[in-house]
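Fold and geometry: a report
As a plain string of letters, each chain reads:
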Amino acid sequence: MRDALVAAAFRLFLERGYEQTTVDDIVALAGVGRRSFFRYFPSKEDVVFPDHERCLADMTAFLAAGDEGHEPVPRVCDAARLVLRMYAENPSFSVQRYRLTKQVPGLRAYELSVVWRYERALAEYLRGRFAGRPDGTLRADVIAAAVVAAHNNALRSWLRSDGGSDASTTVDHALGYVRSAFGTPPATTASGEHPGHSADPEHADEVVVVVSRRGAPLWRVVQEIETTLGRW
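Residues numbered from 1 in each chain as written. Predicted model: local features only at pLDDT ≥ 70, side-chain atom pairs only at ≥ 80, totals over all residues. Heavy atoms only, no water.

Scanning the chain from N- to C-terminus turns up 11 helices and 0 strands. Starting at the N terminus and ending at the C terminus, the chain contains elements arranged as α-α-α-α-α-α-α-α-α-α-α. For the chain, the proportion of its 232 residues judged to be buried stands at 36%. The long-range fraction of contacts in the chain, counting pairs at least 24 apart against all pairs at least 6 apart in sequence, stands at 64%. Carbon and sulfur atoms provide 52% of the accessible area of the chain, an area that totals close to 13,300 Å². (Helix = DSSP H or I, 4+ residues; strand = E, 2+ residues; numbered from the N terminus. Buried < 20%, exposed > 50% of the residue type's maximum accessible area, 1.4 Å probe, protein only. Contact = heavy atoms within 4.5 Å. Areas by Shrake-Rupley, 256 points an atom, 1.4 Å probe, with all protein chains shown as cover.)

Right, dumping it as structure tokens:
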């Protein structure tokens, strides 16, 4: 029933437009009553995003199942991959939703509220892991925002390709920036060398000092560090 309502809704959205389609139109096409619709979806907007509640619950459970042995930054990156997996399960539907959301300002606002809930879930987990640090709350919020930004950049790139590119590779590349900035070092190459670093043992213990102006945003500081290390 739930899938039938979603299918009917998107068929009408494509034929008539989102604003011109009513809940009555959707239930008539699906062959059910209004009560059946609202049993599954609180509003017409929710039928456009039918899978986010499940995905948010899966992400929350995944984070809760972590323990002290899991590095926090890689853990939240893996949690973000659950969202990508949800989109990749049905590329055709995901691309249709992306196009529809771009056309309807109300849906874009609704989507932003959904994204904020994902970010809050990540931040709450990280706050718990960084509770002993004086900057724990700030660090948690910044990393959560960075994970969501990196994931969404990769996701939009995949959606703009109509689901034709490799979603996993794209998001791994984006989340790699977060891990290199806040978490574990990037994986070594086949030669044992970290990407962007010299394999020359003479420079293995070099200390690099970066001077940045007071009040510079964190992303600018990270950029200056990466530039100094020769990654850019």
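Moving on from the model shown.
Formed by 41 residues in total, the largest nonpolar core has its most connected members in Met-59, Leu-122 and Val-147. Of all the elements in the fold, those that place two or more residues in this core are helix 5 (52–64), helix 6 (72–89), helix 7 (91–103), helix 8 (105–129), helix 9 (136–160) and helix 10 (167–182). With 11 residues, helix 9 is the single largest residue contributor to this core. Once you skip the residues sitting within four places of it in the chain, Met-59 turns out to touch Ala-79, Ala-80, Leu-82, Val-83, Tyr-118, Ala-121 and Leu-122. Counting 21 residues, the second largest nonpolar core, distinct from the first, contains Val-6, Phe-13, Val-27 and Val-48. (Core = buried A, V, L, I, M, F, W, Y, C linked by side-chain atoms within 4.5 Å.)

Among the residues making up helix 2 (residues 23–30), those that are buried are Val-23, Ile-26 and Val-27. The arc that holds the buried residues of helix 2, viewed along the axis, is 90 degrees, so those residues lie on one side. Looking at the packing, one finds that the buried side of helix 2 touches helix 1 (2–16), helix 3 (34–40) and helix 4 (44–48). Residue Gly-31 follows helix 2 closely and has a positive phi angle near 75 degrees. (Arc of directions from axis to C-beta.)

Our next topic: the confidence of the model for the chain. Here the chain averages 83 in pLDDT, and 79% of its residues register 70 or above. Element-level mean pLDDT values for the chain span from 61 in helix 11 (residues 218–228) up to 94 in helix 9. pLDDT under 50 marks residues 185–204. Its contacts with residues more than four places away, or in other chains, come to 17 contacts. (pLDDT = per-residue confidence, 0-100.)

Now for the packing of helix 6 against helix 7. In contact at an axis separation of 5 Å, helix 6 and helix 7 are set at 100 degrees when each is read in the N-to-C sense. With respect to helix 7, the element helix 6 is oriented roughly perpendicular. Along the contact surface, helix 6 presents Met-86, Tyr-87, Ala-88 and Glu-89, while helix 7 presents Pro-91, Ser-94 and Arg-97. Within the contact of helix 6 with helix 7, the residues separate by chemical class into 4 nonpolar, 1 polar and 2 charged. (Axes fitted to C-alpha atoms, helices over the stretch in contact; angles between N-to-C directions. Parallel < 35°, antiparallel > 145°, perpendicular 65-115°, else oblique. Nonpolar A, V, L, I, M, F, W, Y, C, P; charged D, E, K, R; others polar.)

Now for the pattern of salt bridges. Inspection of the entire model under this criterion finds 13 salt bridges. A salt bridge links Arg-81 to Asp-78; the shortest N-O distance between them is 2.7 Å. Here Arg-81 pairs with Asp-78, and both are found in helix 6, just 3 residues apart, close to one helical turn. Overlapping salt bridges, with partners in common, bring together Arg-54, Asp-58 and Glu-89 in one network. (Salt bridge = Lys/Arg side-chain N within 4 Å of Asp/Glu carboxyl O.)

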